[in-house]
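Below are the chains, spelled out letter by letter.
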Amino acid sequence: MDARKLILLVGALVVAAITAFMARSLMSGAPAPQAGAVPAAVQPQNTTEVLVAKRELPTGTILDAQSLEFRPWPKELVEGAYYVKSESDPAKLVGTVVRFPIPAGQPVTQGALVKPGDRGFLAAALGPGMRAVTVPVSAQSAVAGFVFPGDRVDLILTQSVAGGGDGPALKASETVLRNLRVLATDQKTDKQTDDKGNTIVTTYSNVTVEATPKIAEKIAVAQTIGTLSLSLRSIADNQGELEEAIANGDVDVPADGDPKKEKAMMARVAARPQDGATSFATGADVSRFQRSTVPAKTASPAPEAAPGAPAANYPGANVPRGPVVTIVRGNSETAVPLGGKN
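Residues numbered from 1 in each chain as written. Predicted model: local features only at pLDDT ≥ 70, side-chain atom pairs only at ≥ 80, totals over all residues. Heavy atoms only, no water.

Trainee: What exactly am I supposed to notice about the overall build of the protein here?
Mentor: Helix and strand content of the protein: 5 helices and 12 strands. Out of the 342 residues belonging to the protein, those deemed buried represent 26%. Across the protein, contacts joining residues at least 24 apart in sequence account for 68% of those joining residues at least 6 apart. Per element, the accessible surface of the protein, about 22800 Å² overall, is 56% carbon and sulfur. (Helix = DSSP H or I, 4+ residues; strand = E, 2+ residues; numbered from the N terminus. Buried < 20%, exposed > 50% of the residue type's maximum accessible area, 1.4 Å probe, protein only. Contact = heavy atoms within 4.5 Å. Areas by Shrake-Rupley, 256 points an atom, 1.4 Å probe, with all protein chains shown as cover.)

Trainee: For this particular structure, what's the right way to read the nonpolar core?
Mentor: Note on soluble globular proteins: their nonpolar side chains tend to be buried together. Val-135, Leu-155, Leu-177, Leu-180, Val-207, Val-209 and Ile-219 are the most contacted members of the largest nonpolar core, which totals 21 residues. Where this core is concerned, the elements lending two or more residues are strand 5 (131-136), strand 6 (152-161), strand 7 (170-185), strand 8 (206-211), helix 3 (213-225) and strand 9 (227-232). Leaving out residues up to four positions away in the same chain, Val-135 has contacts with Leu-155, Ser-205, Asn-206, Val-207, Val-209, Ile-219, Gln-223 and Leu-228. Ala-53, Leu-63, Tyr-83 and Val-108 belong to the second-largest nonpolar core, a separate cluster that totals 12 residues. (Core = buried A, V, L, I, M, F, W, Y, C linked by side-chain atoms within 4.5 Å.)

Trainee: What am I meant to see in a nonpolar patch on the surface here?
Mentor: The grouping of Leu-6, Val-10, Val-14, Ile-18, Phe-21 and Met-22 at the surface amounts to a nonpolar patch, some 590 Å² of accessible area in total. Here Met-22 is to be found in helix 1 (residues 3-29). (Patch = residues over 30% accessible without salt bridge, like charges linked within 9 Å, V, L, I, M, F, W, Y side chains within 5 Å. Salt bridge = Lys/Arg side-chain N within 4 Å of Asp/Glu carboxyl O.)

Trainee: Which parts of the structure should I look at to understand the pattern of salt bridges?
Mentor: Enumeration according to the criterion identifies 8 salt bridges in this entry. A salt bridge links Asp-154 to Arg-233; its shortest N-O distance comes to 2.9 Å. Remark: Arg-233 occurs in the loop between strand 9 and helix 4 (237-248) and Asp-154 occurs in strand 6; sequence separation between them is 79 residues. Where Glu-217 meets Lys-214, a salt bridge forms, and the shortest distance between an N and an O atom there is 3.8 Å.

Trainee: Explanation requested: helix 3 in the structure shown.
Mentor: Residue pairs spaced three or four apart in an α-helix point in one direction, given the helix's 3.6 residues per turn. In this model, helix 3 (13 residues) spans 19 Å end to end at C-alpha, consistent with the 18 Å of a helix rising 1.5 Å per residue. Within helix 3, burial applies to Ile-215, Ala-216, Ile-219 and Ala-222. Along the axis of helix 3, the buried residues cluster in a sector spanning 120 degrees; they form a single face. For helix 3, the exposed residues set more than 90 degrees away from the buried face come down to Lys-214 and Thr-224. Tucked into the core, helix 3 has its buried residues touching strand 5, strand 6, strand 7, strand 8 and strand 9. (Expected span 1.5 Å × (residues − 1). Arc of directions from axis to C-beta.)

Here it is as structure tokens:
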């Protein structure tokens, strides 16, 4: 082996030894990591907890327990109209209506809410261009009293259609309107609770709902046709109907994909009442002994002429059947069937 190769080999061994020694020193000298406690969140100084909106609250929103919460707010910015935690009870605001729009995260002012019983409460609860319509119901047709202000319901019309024919009338039930927002039950515009905070379920005979002017007219007519019932809707139904409306082209989806515009579009679809795509059921869908169609009228047979009576006195007798002979006597003509007697 020549001297050059030997020098290179010795140099490589020296470098490797030095590297191994330094690595060992670093590993043995480095202290083991110690688990430290996470410092607790420091409570903001000079703040007061005030009531704020957890989500965007448009005009006409009926507040529920999930609409508001207390959050720290700088003391120098707290105004007298704010709801301060030490002086306010959010449970007493459930059922009130938003008079002016409140952005998410912004404090709620006393002037922005209208309480049940206040003047103009129902008008504030109505959306732009909407009307309030009262629907008469019974305890059985109103989900046994479990419909409260702020819920959304479908309106079902039940009627009997005679049709003028023989046999029993057709029994039919039809969902004529969907996604109606309940504004009040009888004269109550908020949920009633007992001392323990439990909801008091009471029966009522009238329910006031929000509707467009055209739907309000349909409700007025439906009351004269048959019996009206309420069907309580699930909150999840709006998502499925939104997808169906988008697929049918009934909703204009923002082309630029702006999240704010899409959110506003979803809110409009979820809030609008619907009067199309009705569904129905007849008596035959429930029982095999009921009809599935309207009884049809049967044609009554024409009475036969009595012997010796004038043929003109009987409907249909002047219409000859088969070959006839016309006999003229003066100014009168008589059609006599062949084989008949003059």
